[in-house]
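# Inside the fold
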Amino acid sequence: MVYFPILIYNINNAKLIIIFYLSPFTLHPLTNHMLSEKIILATWKMQLSISESINLAKKIKEKLKNHKLEEIDVALCPDFLAIPAVSEIIQNTNIDLGSQNVFWETKGAYTGEISIKNLKHFGVKFVIIGHSERRQNLLESDRMINQKIKTVINEGLIPVLCVGENLEQKNNNQKDIVIMKQVRSALTDIDINNISELIIAYEPIWSISTTKIKQEIETSEIEYTNQLIKQIVMDTLSPQKNISSSEFKNKIKLIFGGSVNSSNIVNLMRQNHVQGVLVGGASLDAEEFTNLINNTL
Ligand code: 13P
């Protein structure tokens, strides 16, 4: 929607006319980036000290220096305190920056929280929201996740919504319903017209490398689940508007996370509904992570 509010002032008999032009672009000033076909997000969780984060960022930058990364978006998501240093290291490269969380209010008396304005200050582009480790350890609720997504969209950054079932839910055949609930509640009251870009990561908790009883996931199951997520997103957002396949493709990217490495990435990226990956453990080693990127191309 485009608005043209007009203000007319009478100053010494001369008319001063001010016209405001508000396009969706000006409402979302940072949304002029279009995501590439493939997305690789590295999340270092709370695994590294600041100096380790700096060293790793430098090594990754060095190894990718001859890479144009033209068809691929690569972003590093360090812990909050390492963001300023990593931001400086990857300046003027094609590597982007992400954060692992954000608070839903933009300013105020919220002790211990991190504002999106300060993330933007350091050039953060992606914000991971609703990771299972936060849902479990910090009791992050669907409502909080929904509020965070709205804030990230309003502020023009790209939300990376994480959804996924635990082992018990999988074994009880509750996966589809769990995913449906998580996606629907995360997108409640969100207008497709306001979404510039949104990433949804399917991360079954039982396939994450650090999970106690880790299990391998079949690629066909990832493909099935991402198709399911696509359908739920279409249904959730479509009361406002019918979403065409091309609009969906342009705005919403479906990725996978869970023990992704430089070997299994090849098969993963062959799937129709997998446009990228969210990598934990394998992103902590510069050699392994850059091999993973090379094997994606
Ligand atoms: P791993 O790649 O270590 O399994 O971590 C996945 C994850 O939780 C990414 O958010």
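Structure: see above.
The structure reproduced in this document is the subject of the present report. Quick caveat: nothing in here was measured; it's all calculated off a predicted structure. (Residues numbered from 1 in each chain as written. Predicted model: local features only at pLDDT ≥ 70, side-chain atom pairs only at ≥ 80, totals over all residues. Heavy atoms only, no water.)

Around the ligand, the surrounding shell consists of T43, K45, H131, E203, I208, S209, G258, S259, L278, V279, G280 and G281. In this structure, S259 approaches the ligand through a main-chain N or O atom, which is 2.7 Å from an oxygen atom. Here an oxygen atom of the ligand and a backbone polar atom of G280 are 2.8 Å apart. Alone, the ligand offers 300 Å² of accessible surface; in the complex the protein occludes 99% of this. The residue inventory of the shell around the ligand, partitioned by class, reads three nonpolar, seven polar and two charged. (Near = heavy atom within 4 Å. Polar contact = N/O pair within 3.5 Å; in protein donor to acceptor, adjacent residues only side chain to side chain. Areas by Shrake-Rupley, 256 points an atom, 1.4 Å probe, with all protein chains shown as cover. Nonpolar A, V, L, I, M, F, W, Y, C, P; charged D, E, K, R; others polar.)

Looking now at the pattern of salt bridges. Across all of its chains, the model carries 14 salt bridges by this definition. For D73, the salt bridge identified is with K125, shortest N-O distance 3.7 Å. With D73 in strand β4 (residues 72-77) and K125 in strand β6 (residues 124-129), this residue pair connects regions lying 52 residues apart in the sequence. D73 gets classed as buried once you look at its relative accessible area, which sits at 8%. Measuring nitrogen to oxygen at the nearest pair gives 3.1 Å for the salt bridge that ties E221 to K175. Placement of E221 in helix α9 (residues 219-237) and of K175 in helix α8 (residues 175-186) is noted, with a sequence separation of 46 residues between them. Residue K175 is classed as buried on the basis of its relative accessible area of 7%. (Salt bridge = Lys/Arg side-chain N within 4 Å of Asp/Glu carboxyl O. Helix = DSSP H or I, 4+ residues; strand = E, 2+ residues; numbered from the N terminus. Buried < 20%, exposed > 50% of the residue type's maximum accessible area, 1.4 Å probe, protein only.)

The eight strands are arranged β3-β4-β5-β6-β7-β8-β9-β10 in a closed barrel whose pairing can be described as parallel. Neighbour to neighbour, the strand axes of the sheet diverge by 25° on average, direction disregarded. Where β4 meets strand β5 (residues 95-99), three bridges bridge the pair, whose relative direction is parallel. When the sheet's bridge partners are listed, L76 is paired in β5 with L97. Against the sheet, helix α12 (residues 286-296) makes contact with β3 (38-43), β4 and β10 (276-279), and its axis sits at roughly 170° relative to β3, the strand it touches most. (Pairing = 2+ DSSP bridges. Axes fitted to C-alpha atoms, helices over the stretch in contact; angles between N-to-C directions. Contact = heavy atoms within 4.5 Å.)

With respect to burial, strand β8 (residues 198-202) is a largely interior element, five of its five residues being buried. Burial along β8 is two-sided: L198, I200 and Y202 facing one way and I199 and A201 facing the other are all buried. Where strand β7 (residues 158-163) lies against β8, four bridges are found, and the strand directions are parallel. When the sheet's bridge partners are listed, L161 is paired in β8 with I200. Note: β8 against strand β9 (residues 252-257), five bridges, orientation parallel. Paired with I199 across the two strands is K253, which belongs to β9.

Here we come to the state of the cysteines. Inspection of the entire model under this criterion finds zero disulfides. Free cysteine C77: the closest other cysteine sulfur is in C162, separated by 9.6 Å. Given the relative accessible area of 0%, C77 is considered buried. The exposure class assigned to C162 is buried, which follows from its relative accessible area of 2%. (Disulfide = S-S within 2.5 Å.)

Right, let's talk about the pairing of β9 for a bit. Burial within β9 is extensive, with six of its six residues counted as buried. Residue alternation in β9 divides its side chains into two sets, I252, L254 and F256 and K253, I255 and G257, and both sets are buried. Judged from the three bridges that link them, β9 and β10 form a sheet pairing that is parallel. By the bridge assignment for β10, I255 is matched with G276.

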